[in-house]
Amino acid sequence: CCFFGTESRFDCGDTFSSLLLGEQPVWDPTFWADTVGNSGSLREQLRRARAKGVGVRRISAADAVGSMRPAIQALRDRWLGTRKMAAMGFVVRPQLFALAPERRFYVAQRDGKLCGVLVAVPVYARNGWFFEHLLRDDDAPNGTTDALVDLAMRDVAADGARYATLGLAPLSGGVNRWLKLAARLGSPLYSFNGVRAFKQRLRPDRWEPIYLSYPSRHHGFMVMLDVLRAFANGSLLRFGLRTLRQKIRHLSPA
């Protein structure tokens, strides 16, 4: 049994070994207004979104799974269609509506059209929120995602939340040389550096290391293969073929 996404507090002595997978940004939402106030680049992104007519608001879970669901699903499908890599599974599957009453939904609209969505899930033990899904159209104005994060931070802060994260920036931080090589080789399909840079632009209070923890008697390489199969929905070969087809579609003339 392996555990994906553990933190430093996961300590089972010699029973488990841990492999650093990357880092996640963490904020205390009660200080978010100060973060924006001290960041000219963040304020400029928010100004750009407003200037382009982007409006952001929180919607109810009932609206998200009801009247707004077709538009949100269409946005998700458009977003997936722009990815160079085939859709992955496991913890990154975009299941936006599962346990909807416990989630918070924020939408960005321009000229009445949905152009961005942020879906947050509660982190009960920490009085906080994980901003799990942050999607936008390719033609959404600059600052759309910043505006969604800004609204979500202020909203959860108003309810007393003291913890927020956008989740793992994979293969960032002090990962071992093999994972650094994997990041370089995989960069044509997935912008590891770009994910880290976007989250860093939002001025996190700190970065926390995230690990894969596995029984010490097993070899880390084989455990990573198991994890990759989980992300590939079972078969690395079939995932590679799906990714190749997706790349061909991107290269094909319109």
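Quick notes on the rules
Residues numbered from 1 in each chain as written. Predicted model: local features only at pLDDT ≥ 70, side-chain atom pairs only at ≥ 80, totals over all residues. Heavy atoms only, no water. Phe/Tyr/Trp six-rings, centres within 6.5 Å; stacked < 30°, edge-to-face > 60°. Helix = DSSP H or I, 4+ residues; strand = E, 2+ residues; numbered from the N terminus. Buried < 20%, exposed > 50% of the residue type's maximum accessible area, 1.4 Å probe, protein only. Contact = heavy atoms within 4.5 Å. Polar contact = N/O pair within 3.5 Å; in protein donor to acceptor, adjacent residues only side chain to side chain.

**Here's the deal with the packing of aromatic side chains**
At step 1: Inspection of the entire model under this criterion finds four aromatic pairs.
At step 2: Note on Phe3 and Phe16: the rings are 5.6 Å apart at their centroids and 65 degrees apart in plane angle, and the pair reads as edge-to-face. Here Phe3 is found in strand 1 (residues 3-6), whereas its partner Phe16 is found in strand 2 (residues 16-27), with 13 residues between them in sequence.
At step 3: Given the relative accessible area of 33%, Phe3 is considered partly exposed.
At step 4: Relative to Phe105, the ring of Phe97 lies with its centre 6.5 Å away and its plane at 20 degrees, an arrangement referred to as stacked.

**A closer look at the environment of Arg57**
At step 1: Relative to the assigned elements, Arg57 resides in strand 3 (residues 54-59).
At step 2: Separated by 94 residues in sequence, Arg57 and Leu151 have C-alpha atoms that sit 7.3 Å apart.
At step 3: Not counting the four nearest positions on each side in its chain, Arg57 is found in contact with Met68, Phe105, Tyr106, Val107, Gln109 and Leu151.
At step 4: Within the structure, Arg57 has its side chain in polar contact with the side chain of Gln109 (distance 3.2 Å).

**Examining unusual backbone geometry**
At step 1: Notably, Leu99 is not glycine yet its phi reads approximately 50 degrees, a positive angle.
At step 2: Residue placement: Leu99 occurs in the loop between helix 4 (69-81) and strand 4 (104-110).
At step 3: Overall, Leu99 belongs to the exposed group, its relative accessible area being 64%.
At step 4: Although it is not a glycine, Arg203 sits at a positive phi angle of roughly 55 degrees.

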